[in-house]
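Examination of the molecular architecture
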Amino acid sequence: MSTGTIANPALAQELLDALDALSGLHPGFRPAHAKGLMCSGTFTPSAEAAKLTRAPHVAAPSTPVTVRYSDGTGLPNIPDNDPARSGPRGIAIRFHVGDHAHTDIIAHSTNGFPVRTGKEFVEFVHAVAKFGAGQPEALGAFLAAHPNAKRFVETPKPIPTSFAREAFFAVTSFKFTNAEGISRHGRFRIRPEAGTEYLSNDDAAAKSANFLFDEIGERLARGPIRLGVFVQMAEPGDEVADASITWPDARKEIPFGTISLTAPADDQVPERRRIIFDPLPRIDGIDSSGDPLTDVRADVYLLSGRRRRAALATDADGRHDIKGKGIAMRDPAKFGAETTASEVAEGIDLSNKVALVTGGSSGLGQETARVLAEGRAHVILTARDVPKGEAVAAAIRASTGNEHVEVEELELGSLKDIRAFAQRFLERHAMLHILVNNAGVMACPPAKTADGFELQFGSNHLGHFLMTCLLAPALLRAAPGRVVSVSSRGHHMSPVVFDDIQFEHRPYDKWLAYGQSKTANVLFAVGLERRLGARGVHANALHPGGIMTELSRHLQQDDWQFLQARTRGMKFKTVEAGAATSVFAATAPELEGRGGLYLEDCRVAAVNDAPDALDGVKSYALDPDNAERLWEVSEMLVGERFPMRP
């Protein structure tokens, strides 16, 4: 009974990105509580429940249910006995109240929640991710400012002997309304009829990594699992719209009913694979209490559920497969700084896809073009030096056996040349599936484009902006498709300085100019995603890493000293590893239906506004208001408006 609409897509996407950054991208799995199992059974309401609510599953003698037990985290292979990460465990209960009608309860095994709002949730997840990355001070600072989060984190989360011996607490409260129209607030609690039972860490360590999953089937073979469902009632003065505040255990509980689980449920059958549990009840007689966390959780469940459905295809045996490509064993969590572009693209078939790579005659562009050609794409690479580009194309054709590799001349510093190129391209190619905006210049002396723009902003951003907008018809005809903007960690050096983009009122600084052009690359992806994402064309930006290529041709000795001091000994990548994140953005099934992101080392990067940050993306580079302002300025500078409104 989900409405199918997302109330706050920007916040939901931000939270989903944060969860991805914490646990990695795992296609076909939930971003939290990824490892789970399902059981089927029946709910029988109590007599007291009818006095609390007029909900249909309380009025019926019994209602079929599907229950999903889960470990914590977004890691599909988390060991059940991991003392630090497997908790809190989760339970999701779906009441099948009629044909295509249902309502859910979602709860976990710790009473309470760390935060009150969606924004706080994003901040909390980022802080936890930094803790895992060796920056404990970030989490410490967050917990110091949020005492309820500190209490939640420090609450023991013991490992149960069985999912059937664990108690669960709903995250948010609800407003229950009965047949007389009387409303009261309460929170669901689920307790096993057999009582709770927990293991010491030593006893848990002796168990297998999947012992909870193995045990539940054995238990059900012996007989039903019975769970009591209760509602803890609020009293006057209790906060009903703040999930981070728990109520005293002395508050009255009303028996809501009993769940009897009778059998494991195959979660691979289509109707269960498609289940998106919903934190909002969406049923008469039970409503949101007004807790701001309820809506954002519902948004994230729906957004991630849609992504999960898109990533899941069914092969002849009905098992998981990524888009039918035969790469079900792919584990992007293992991708990192040393992963190569060929490793990222392994097993991905790009036959009948048209890919365009700017700056494809050397460095990252050349390797990106080669790997896309290796995947059987029809690749067009652009070059200012056509003979050099032709030599590269010939080498790619020879090494890959793919004859569909060609070269087009393009000067991104000339609006006239870009328009002529776009016209030629559209005359020859009806569709464009992958566009990699790779070409660029870095830290060059003061110079202007043919149209009088500061060279780095004009070439790195404006040239790609105009070309992409002109090629939008081919991108849309080919949808679903990808637009990849090769940015850089150099965007940390400067936001887009809208009051003086062209350095007309301040001294020219080649590094600030480079930094704002790289920030513009990220903002362009954000703006393009707002315009084309809903139509199937998704845009992302990325940092490829530090690589020795022709991009550094303008650097002097003092520039290298500046970079070494700023990056504090950052390791350089090979070209093969440097192109990996570009290829990941262009081809990865894990990014299906996703855009407006900043990637590094083949994963979604977290926001990191620390002054001395060595990774992550600055918040100003993802800011939608900045993206809209840049779009308007860019249209004005190129002298053309494009019929793509957000």
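Now for a description of the structure that goes with this document. (Residues numbered from 1 in each chain as written. Predicted model: local features only at pLDDT ≥ 70, side-chain atom pairs only at ≥ 80, totals over all residues. Heavy atoms only, no water.)

Our next topic: the environment of Met467. With respect to the element layout, Met467 can be found in helix α15 (residues 455-470). Spatially, the C-alpha atoms of Met467 and Asp417 are 9.8 Å apart, while their sequence positions differ by 50 residues. Contact partners of Met467, with chain neighbours within four places excluded, come to Leu356, Thr358, Leu410, Ile418, Phe421, Leu435 and Asn437. (Helix = DSSP H or I, 4+ residues; strand = E, 2+ residues; numbered from the N terminus. Contact = heavy atoms within 4.5 Å.)

A word on the nonpolar core. Core analysis: the largest hydrophobic core is formed by 51 residues, its most contacted members being Leu356 and Leu432. Contributing elements (two or more residues each) for this core: β15 (354-357), α14 (415-428), α15, α16 (472-478), α17 (510-532), β20 (537-543) and α22 (624-638). Broken down by element, this core gets its largest block of residues, eight residues, from α17. With near-sequence residues (within four places) excluded, Leu356 lies in contact with Ile380, Thr382, Phe421, Phe425, Leu432, Ile434, Leu435, Val436, Met467 and Leu471. If you look at the next biggest cluster of nonpolar residues, it comprises 42 residues, including Ala49, Val58, Val65 and Ile225. (Core = buried A, V, L, I, M, F, W, Y, C linked by side-chain atoms within 4.5 Å. Buried < 20%, exposed > 50% of the residue type's maximum accessible area, 1.4 Å probe, protein only.)

This part is about the environment of Asn210. By secondary structure assignment, the location of Asn210 is in the loop between α7 (201-205) and α8 (211-222). Assessed through its relative accessible area of 35%, Asn210 is described here as partly exposed. A polar side-chain atom of Asn210 sits 2.6 Å from a polar atom in the side chain of Lys35. (Polar contact = N/O pair within 3.5 Å; in protein donor to acceptor, adjacent residues only side chain to side chain.)

Moving on: the pairing of strand β16 (residues 378-383). Taken across its six residues, β16 has five buried, putting it largely inside the fold. For the segment spanning β15, helix α12 (residues 363-374) and β16, crossover handedness is right-handed. (Right-handed = clockwise from strand over helix to strand, strands pointing away.)

Of the consecutive residues Gly87 and Pro88, the connecting peptide bond is found in the cis state with omega at -5°. Looking at the element boundaries, Pro88 is found in the loop between β2 (63-70) and β3 (90-98). Pro480 follows Ala479 through a cis peptide bond whose omega is 10°. Along the chain, Pro480 turns up in the loop between α16 and β19 (481-486). For His33, which is not glycine, the phi torsion reads 55° and is therefore positive. The residue His33 is located in the loop between α1 (9-23) and β1 (36-45) in this model. Of note in this structure, Ala443 is not a glycine but carries a positive phi near 50°.

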